[in-house]
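Listed below, chain by chain, are the residues.
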Amino acid sequence: MDEIELVTRSLVHVLRRSESLSQTSALWGIKCLSHLFITIRNHWSHNWSAAAFSALYGCLLCFVTYHNYEVREQQWSCLREVLRSLQGTMLIDPASEAITELFKKWFPCGEPIANVFFLMSTKYKLAILNDFKIILELLRSPVTTSIGVAKIYSSNRQLCVMKLPVVFNALKAIMGQTSWKDIQGYDSEPDVEHQHSAAFSFKCLIHACIDKALIKEGVDQIVIHSNINIDANKSHQPSIIAQVCAIIESLLGYQYTAIWDLAFEIVSTMFDKLGGYSSYFMKGTLNCLAGMQKLTKKEFRKQMHECLGSALVAMGPEKFLGLLPLNLEAEDPSEVNDWLFPILTKYTVGARLSFFTNSILVMVGIMREKSQKLRLQGHSSRRTDALVNSLWSLLPSFCNFPSDTNESFKDLEHALCNALLREPEIGGIICSSLQVLIRQNKGTTEEANDLSTNNVSIAEQRALASYTPQVTAENLRVLRQSASHFLSVLSAVFLENRDYEGNLLQSTIGEFASISNTEVVSVLFNNTMEKLSEVTLDANKAESSIRTCLLDLAVSLLPGLNSGEVDNLFTATKLALQDNEILIQRKAYKVLSIVFKKCHTFTSWKIEEWHRLMMEVLPSCHSLAKEHRLECLHLLVVQVLKSNTEQRWPEITRSFLAEIIHALKETNKRTRDRAFDILVQIGHACGDAERGGTREHRHKFFDMVAEGLACRTPSIELKSIVAHEKRDQRDKEIGERDS
């Protein structure tokens, strides 16, 4: 018996490496294996251990997936002889069970199984028949089967759940039909229609049959086994949900490259279904996706990134980066996962600000230290500096409906204010992030209306749904507490640092002013106006830029000003309109246009006063300030249309309109183009009921434009006619749409 055991071990050792064997070696090896098995069974079965049986029999079964058809045929023939030798013994049950498990994992071998089916034990014959019934239905129509399984689930959940791995394996085999038909022994083009149907069935079954209870069973098993230091996937039978996830993960294998586009859709569906529990079951899948980054064909990379985006949405950035870290500190650049930044930027929604503060900013600090060391050593720090900017670029995404604003914004405030003062290169990122955060909490109702009409992600819908009136009120309370600090820092940066983009700072100041306490805004506004008064009294060319900055800062606070403060701003602007400095004059007209645009009520009260002012300052208006002046005239005409000054309407509008038409002859092209656009917009507004216009106003506008053509220069005639035609075309489109 010792000699037999030695031969057995040697043969098994060689044949276990079946894929490396040649066809001839494999054929003779299988024959030797079956003869040895039958010989031991007939002569030394009383001394045969379970381990020896398992080794020989398992080795024989491993050839079921051998790449050569003749070898597979030989394997099934020998298996038939082995099963005959086991009839009437206690070994027939474990032998039949092994074949049944083989069938479940690789169902295309079902046709060869028919040759040994009659030799199996009754118990496992019934098991295969039951499973084969499901598979036959799948082969007819995967879509119909998915509907059928969903119906079975509604009436008998347990039965359906137990069969999910079998059904999913069958669907997987249909999707990889190239391999399936190779097993059958002939070559053929894959059935694309069935592959797409199988993918659709995958997604339908995930939605219909993967429920909270099934997920909880799997999570509980993992938690229990982890608490007692047992690997749930090795020491015990994996849960149903774990088996299903493993099957889905296997679709990312390179043998399925041809259908990766479908596989990504299925994987994304599973991530969406599992949500935060994806981290328990889809770690391997996430690693597979990451491994594809360097190897994936370009045509699949976009879909692969979308699939990773689904994982990020499901898990959240904390769990996602816990499983797939950025590795920014790696010495080897190829190990740095900086390719994740665009995915994190695009798909992070509803994250926690505390994670950005406690993790992302910590990485920023580490990268800054590394950058400083590199510079001291005389090396380039360009790559490290780029990583710092990439980390900061994640801030707008973390400010997109964050889940812990009321708890964590105060902790982030200090870091943001310091960065605004010291790091102008990231000031734009911080400003845009703060604007998003404030606007989403101010206008959640409007956001909800926008999201309901647009094609938005599930993550955005979920995040918005969590922003109840109570949540936004609490968030605004916290933001309001920080407004004074931010307004102080932003205004200081605006006045002192020319490296910043002014418009971004102004709009951010305006957002904070709109939610801040009135006392805070009033103090900052009054201080600004005092400084403006001082530099105006002491004005010279060197101080023109300071005056314009102070005017910009004052008008940025407009959303938080009361009527008296708006009057003060108007007084200062009125003086600036008559200033001899071109820079000051242009800025004054721009400030005035902002007041007209944002303070409709204030403007409508003083139509007569505005009309007199615009006429008074016209002689002193420099040609370079005309463009902003035209914008003021445009906004005033719109206000006139909405006001109750019916008797004064023609006089006020005619005087403004004459100036606009005259501007069509300006030497500055931008001014000419702006005048032409304004003519079109006013003509459209005259007939727009929603903007205060009427049919009579439109006819009066025609008459006024005709009067403005009195000088009959070709330029004015042409542009006025084009303006007429453009307005008529818009009116026609509106009429067709309304009808």
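Rules of the game
Residues numbered from 1 in each chain as written. Predicted model: local features only at pLDDT ≥ 70, side-chain atom pairs only at ≥ 80, totals over all residues. Heavy atoms only, no water. Helix = DSSP H or I, 4+ residues; strand = E, 2+ residues; numbered from the N terminus. Buried < 20%, exposed > 50% of the residue type's maximum accessible area, 1.4 Å probe, protein only. Contact = heavy atoms within 4.5 Å. Phe/Tyr/Trp six-rings, centres within 6.5 Å; stacked < 30°, edge-to-face > 60°. Arc of directions from axis to C-beta. pLDDT = per-residue confidence, 0-100. Axes fitted to C-alpha atoms, helices over the stretch in contact; angles between N-to-C directions. Left-handed = near helix turned anticlockwise from the far one by under 90°. Nonpolar A, V, L, I, M, F, W, Y, C, P; charged D, E, K, R; others polar. Core = buried A, V, L, I, M, F, W, Y, C linked by side-chain atoms within 4.5 Å. Patch = residues over 30% accessible without salt bridge, like charges linked within 9 Å, V, L, I, M, F, W, Y side chains within 5 Å. Areas by Shrake-Rupley, 256 points an atom, 1.4 Å probe, with all protein chains shown as cover. Salt bridge = Lys/Arg side-chain N within 4 Å of Asp/Glu carboxyl O. Expected span 1.5 Å × (residues − 1). Parallel < 35°, antiparallel > 145°, perpendicular 65-115°, else oblique.

## Some details on the overall build of the protein
Here is step 1 of the chain: A tally of helices and strands in the protein yields 39 helices and zero strands.
Here is step 2 of the chain: Residues classed as buried in the protein amount to 49% of the 739 residues present.
Here is step 3 of the chain: Summarising the internal contacts of the protein: among those between residues at least 6 apart in sequence, 72% fall at separations of at least 24.

## Details of the packing of aromatic side chains
Here is step 1 of the chain: A full pass over the atoms with the stated rule returns 14 aromatic pairs.
Here is step 2 of the chain: Between tryptophan 260 and phenylalanine 264, the ring centres sit 6.4 Å apart and the planes meet at 35°, which makes this aromatic pair tilted. Taken as a pair, tryptophan 260 and phenylalanine 264 lie in helix H14 (residues 260-274) at a separation of four residues, close to a single helical turn.
Here is step 3 of the chain: On the accessibility criterion, tryptophan 260 (2% relative accessible area) is buried.

## Notes on helix H34 (residues 607-616)
Here is step 1 of the chain: Within the sequence span of H34, burial applies to Ile607, Trp610, His611, Leu613 and Met614. Buried residues of H34, seen end-on, are gathered within an arc of 165° and therefore sit on one face of the element.

## Describing the confidence of the model for the protein
Here is step 1 of the chain: A residue-level look at the protein finds 78% of positions with pLDDT of 70 or above and a mean pLDDT of 80.
Here is step 2 of the chain: With pLDDT under 50 throughout, residues 179-188 is counted as low confidence; its partners more than four residues away or in other chains account for 18 contacts.
Here is step 3 of the chain: Low pLDDT (under 50) marks residues 712-725, which in the prediction has 22 contacts with non-local residues, meaning those over four places away or in another chain.

## Considerations on the packing of helix H27 (residues 469-496) against helix H28 (residues 502-515)
Here is step 1 of the chain: Where H27 meets H28, the axes come as close as 8 Å, and the angle between the chain directions of the two elements is 145°. As for the relative orientation of H27 and H28, their crossing is left-handed in sense. Here Leu476, Leu479, Arg480, Ala483, Phe486, Leu487, Leu490, Ser491, Val493 and Phe494 of H27 lie close against H28, whose contacting residues are Gly502, Leu505, Gln506, Thr508, Ile509, Phe512, Ala513 and Ile515.
Here is step 2 of the chain: Residue classes in the contact of H27 with H28 are distributed as 13 nonpolar, four polar and one charged.

## Topic: the environment of alanine 55
Here is step 1 of the chain: Along the chain, alanine 55 turns up in helix H3 (residues 50-61).
Here is step 2 of the chain: The class of alanine 55 is partly exposed, set by a relative accessible area of 25%.
Here is step 3 of the chain: As for alanine 55 and arginine 16, which are separated by 39 residues in sequence, their C-alpha atoms are 9.7 Å apart.
Here is step 4 of the chain: In this structure alanine 55 touches Val12 and Arg16, once residues within four positions along its chain are discounted.

## Overview of the nonpolar core
Here is step 1 of the chain: Formed by 169 residues in total, the largest nonpolar core has its most connected members in Met270, Leu289, Phe320 and Trp392.
Here is step 2 of the chain: In terms of residues, this core owes the most to one element, H27, which gives 10 residues.
Here is step 3 of the chain: Ignoring any residue separated from it by four or fewer positions in sequence, one finds leucine 289 in contact with Leu252, Phe264, Val267, Phe271, Met304, Cys307 and Leu308.

## As for a nonpolar patch on the surface
Here is step 1 of the chain: Nonpolar side chains collect at one region of the surface, where Val223, Tyr277 and Tyr280 lie side by side and expose about 260 Å² of accessible area between them.
Here is step 2 of the chain: With respect to the secondary-structure elements, tyrosine 277 resides in the loop between H14 and helix H15 (278-281).
Here is step 3 of the chain: Since its relative accessible area comes to 43%, tyrosine 277 is described here as partly exposed.

## Remarks on H28
Here is step 1 of the chain: With 14 residues, H28 extends 21 Å between its outermost C-alpha atoms, agreeing within 8% with the 20 Å of an ideal straight helix rising 1.5 Å per residue.
Here is step 2 of the chain: All buried positions along H28 are accounted for by Leu505, Gln506, Thr508, Ile509, Gly510, Glu511, Phe512, Ala513 and Ile515.
Here is step 3 of the chain: Buried positions along H28 lie against helix H24 (427-442), H27, helix H29 (518-537) and helix H30 (544-556).

## Thoughts on the pattern of salt bridges
As a working rule, side chains carrying opposite charge can pair if their charged atoms are close by.
Here is step 1 of the chain: Applying the stated criterion across every chain, the model contains 19 salt bridges.
Here is step 2 of the chain: In this structure, lysine 626 engages glutamate 659 in a salt bridge whose closest nitrogen and oxygen atoms are separated by 3.7 Å. Of the two residues, lysine 626 is situated in helix H35 (residues 626-642) and glutamate 659 in helix H36 (residues 649-662); the sequence distance between them amounts to 33 residues. The burial state of lysine 626 is the same as that of glutamate 659; both residues are buried.
Here is step 3 of the chain: Among the ionic pairs, arginine 670 bridges to glutamate 627, the shortest N-O distance being 3.2 Å. Residue arginine 670 is located in helix H37 (residues 669-686), and its partner glutamate 627 is located in helix H35; the two are separated by 43 residues in the primary sequence.
Here is step 4 of the chain: Look at arginine 670 and you get exposed, because its relative accessible area is 57%.
Here is step 5 of the chain: Linked through salt bridges whose partners overlap, the residues forming this network are Arg439, Lys442 and Glu511.

## Some thoughts on unusual backbone geometry
Here is step 1 of the chain: In the Ramachandran plot, asparagine 327 falls in the positive-phi region, its phi being about 55° despite a non-glycine side chain.
Here is step 2 of the chain: Topologically, asparagine 327 is positioned in the loop between helix H18 (317-323) and helix H19 (341-347).
Here is step 3 of the chain: If you check the backbone angles, phenylalanine 401 has positive phi at about 50° while not being a glycine.
Here is step 4 of the chain: Among the structural elements, phenylalanine 401 can be located in the loop between helix H22 (395-398) and helix H23 (405-422).
Here is step 5 of the chain: Classification of phenylalanine 401 as buried rests on a relative accessible area of 4%.

## Here we look at the packing of H29 against helix H31 (residues 563-577)
Here is step 1 of the chain: The contact between H29 and H31 brings their axes to 11 Å, and the two run at 20°. Taken together, the axes of H29 and H31 lie roughly parallel to each other. Read as a crossing pair, H29 and H31 show a hand that is left-handed. Together, Ser522, Phe525, Met529 and Leu532 of H29 and Glu565, Asn568, Leu569 and Ala572 of H31 make up the contact between the two elements.
Here is step 2 of the chain: Tallied by class, the residues present in the contact of H29 with H31 amount to five nonpolar, two polar and one charged.

## Quick word on the environment of isoleucine 210
Here is step 1 of the chain: Turning to its location among the elements, isoleucine 210 is positioned in the loop between helix H11 (192-209) and helix H12 (212-227).
Here is step 2 of the chain: Distance from isoleucine 210 to methionine 270, taken between C-alpha atoms, is 9.0 Å for residues 60 residues apart in sequence.
Here is step 3 of the chain: Excluding residues that lie within four positions of it along the chain, isoleucine 210 makes contacts with Leu164, Leu205, Ile215, Ile241, Val244, Met270 and Lys273.

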